[in-house]
Amino acid sequence: MAIRKVPEPSYDKDVKKIAKLYTQARSAIILELLALVESNGETIKINQQASMLRQIDFILSQLNTEVQATIEEGILSSFKEGQAALAYQVGDFKSMEDATKGVAFSQLSRSTIDAILADTMEDLLSATQLTSKRTKQIVRRVVSEKMKMDMAQARGRRTMSKNIIQELTKQGLTKSVKEKGFVGIIDRKGRKWELNRYVDLVVRSKYKQARVEAMRTEAIERDIDLAVISSHGAKDACRNYEGMVISINGTTAGYPTYEELRASNKIFHPNCKHTIYAIRSVDLLSDKEQQINAEKREKYNKN
């Protein structure tokens, strides 16, 4: 039986949906800030700052709730698709549709999903907490500058720092919130990851992880351990592994394991497009596929 290759599904729909939620939250915060500084000549009061800070907490809390609902549904869907993919690949079902209906959802499956979901939300919540902290810093600074400007104008001073005036405009506030507030993480090299970019990376990585872990879980339950790494004509280090047979869960001696390769960061890294196709035996591969596997294994063992 030839390898049944089930392509990895696209996660674009959920990534775009979640990115939109973050964009909407950012826009809502900017509107609140604008309402705060465009007070039609009224002097800004310190209690307005406190109200604004509470509103930021509310907006971001609502964001987390909506994101979690989408993430839970998406990870569950990715997991079920992974289960079905493995069952179909090894020939236990005639079609992916039959496999999707036929796979069971065990206690091991539930605990695996719970772990991935908790890990995903921890990553996203830590990013949101950083965003909350930095956005509140912007609010405090904006309120302080607005109060200074109001006081100066009340005393008859009409000239203010150009930088302060610029920051209190819609364009200035938008720039500040986007570049200084909505930061997902600051990595070890001190680089700021814009929140939407960070969320994109996290969501794609975790959905992919859910699918692979589903295949590994299903492999245990179906007594399967071998798989072939997909081929896409990669130009980076991944090319050295395309077509190679590996051990899914490390129960077959003499084969590189999925975890071993993933830990190397040379394949199965974040944003990696490679997946695995489960097989019952290497003997089921064509002569060409066996030759490719032998060449890749020989090169791997030399390194």
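Residues numbered from 1 in each chain as written. Predicted model: local features only at pLDDT ≥ 70, side-chain atom pairs only at ≥ 80, totals over all residues. Heavy atoms only, no water.

### With respect to the environment of T112
Rule in force here: Only DSSP runs of H or I with at least four residues qualify as helices, and only runs of E with at least two residues qualify as strands; both kinds are numbered from the N terminus onward. Any two residues whose heavy atoms approach within 4.5 Å are treated as being in contact. For the purposes of these results, a polar contact is taken to be a pair of N or O atoms within 3.5 Å, where, inside protein, one atom must be able to donate a hydrogen and its partner to accept one; residues adjacent in sequence count only when each atom of the pair is a side-chain atom.
By the secondary structure assignment, T112 is in helix 4 (residues 107-154). In this structure, the C-alpha to C-alpha distance between T112 and E213, residues 101 residues apart in sequence, is 7.5 Å. Residue contacts for T112: discarding those within four places in its chain leaves F79, E213 and T217. A polar contact is formed between the side chain of T112 and the backbone oxygen of L108, at a distance of 2.7 Å.

### A few points about helix 9 (residues 287-302)
Put simply, the test is: A helix is expected to reach a length of 1.5 Å times the quantity of its residues less one. Each residue gets one of three labels from its accessible area relative to the maximum for its type: buried under 20%, exposed over 50%, partly exposed in between, using a 1.4 Å probe on protein chains only. In this description, one arc is meant: the one made by directions from the helix axis to the C-beta atoms.
Given a rise of 1.5 Å per residue, 16 residues ought to cover 22 Å, and the 23 Å separating the end C-alpha atoms of helix 9 matches this to within 8%. All buried positions along helix 9 are accounted for by N293, K296 and R297. Here the buried residues of helix 9 occupy an arc of 105° about the axis, which is enough to place them on one side. Exposed side chains of helix 9 directed beyond 90 degrees from the buried face belong to D287, K288 and K302.

### Describing the layout of surface pockets
Spelled out, the test is: Within this scheme a cavity is a closed region of a 1 Å grid, computed over the protein atoms alone, that accommodates a 1.4 Å probe without allowing it to escape, whereas a pocket is open but has protein on both sides within 12 Å along at least five of seven lines; lining residues each have an atom within 4 Å of a point. Grid points are joined across faces, edges and corners, and a volume is the space filled by probe spheres set on the points. Note on residue categories: nonpolar means Ala, Val, Leu, Ile, Met, Phe, Trp, Tyr, Cys or Pro, charged means Asp, Glu, Lys or Arg, and polar means any other residue, Gly included.
Of the volumes computed, that of the largest pocket is approximately 580 Å³. Lining the largest pocket are 24 residues; nearest its centre among them are E8, R204, K208, N271 and C272. Of all the elements in the fold, those that place two or more residues in the lining of the largest pocket are helix 7 (195-221) and helix 8 (258-264). Broken down by class, the residue content of the lining of the largest pocket amounts to nine nonpolar, eight polar and seven charged. By volume, the second largest pocket amounts to about 240 Å³. Looking at the second largest pocket, it is lined by 13 residues, and the ones nearest its centre are S10, D14, G74, S77 and Y207. For the lining of the second largest pocket, the secondary structure elements donating two or more residues are helix 1 (12-37) and helix 2 (46-89). In terms of residue class, the lining of the second largest pocket is made up of three nonpolar, five polar and five charged.

### Here we look at the confidence of the model for the protein
In low-pLDDT segments, the atomic positions of the prediction should not be examined closely. Going by this rule: For every residue, the predictor states its confidence as a pLDDT score lying anywhere from 0 to 100.
Counting all residues, the mean pLDDT for the protein is 85, and 84% of those residues have values of 70 or more. The low-confidence segment residues 157-168 (pLDDT under 50) makes 20 contacts with residues lying over four places distant or belonging to another chain.

### Section: the pattern of salt bridges
Here is the rule we go by: Salt bridges are identified by distance alone: a Lys or Arg side-chain nitrogen within 4 Å of an Asp or Glu carboxyl oxygen.
Scanning all chains against the criterion turns up 15 salt bridges. Residue R280 is joined to D92 by a salt bridge in which the shortest nitrogen-to-oxygen separation is 2.7 Å. Pair noted here: R280 is in the loop between strand 5 (276-279) and helix 9 and D92 is in the loop between helix 2 and helix 3 (96-102), with a separation of 188 residues, a long-range link. Here D123 ties to K206 by a salt bridge, and the two come within 3.8 Å at their closest N and O atoms. Of this pair, D123 sits in helix 4 while K206 sits in helix 7, and the two are 83 residues apart along the sequence. Overall, D123 belongs to the partly exposed group, its relative accessible area being 22%.

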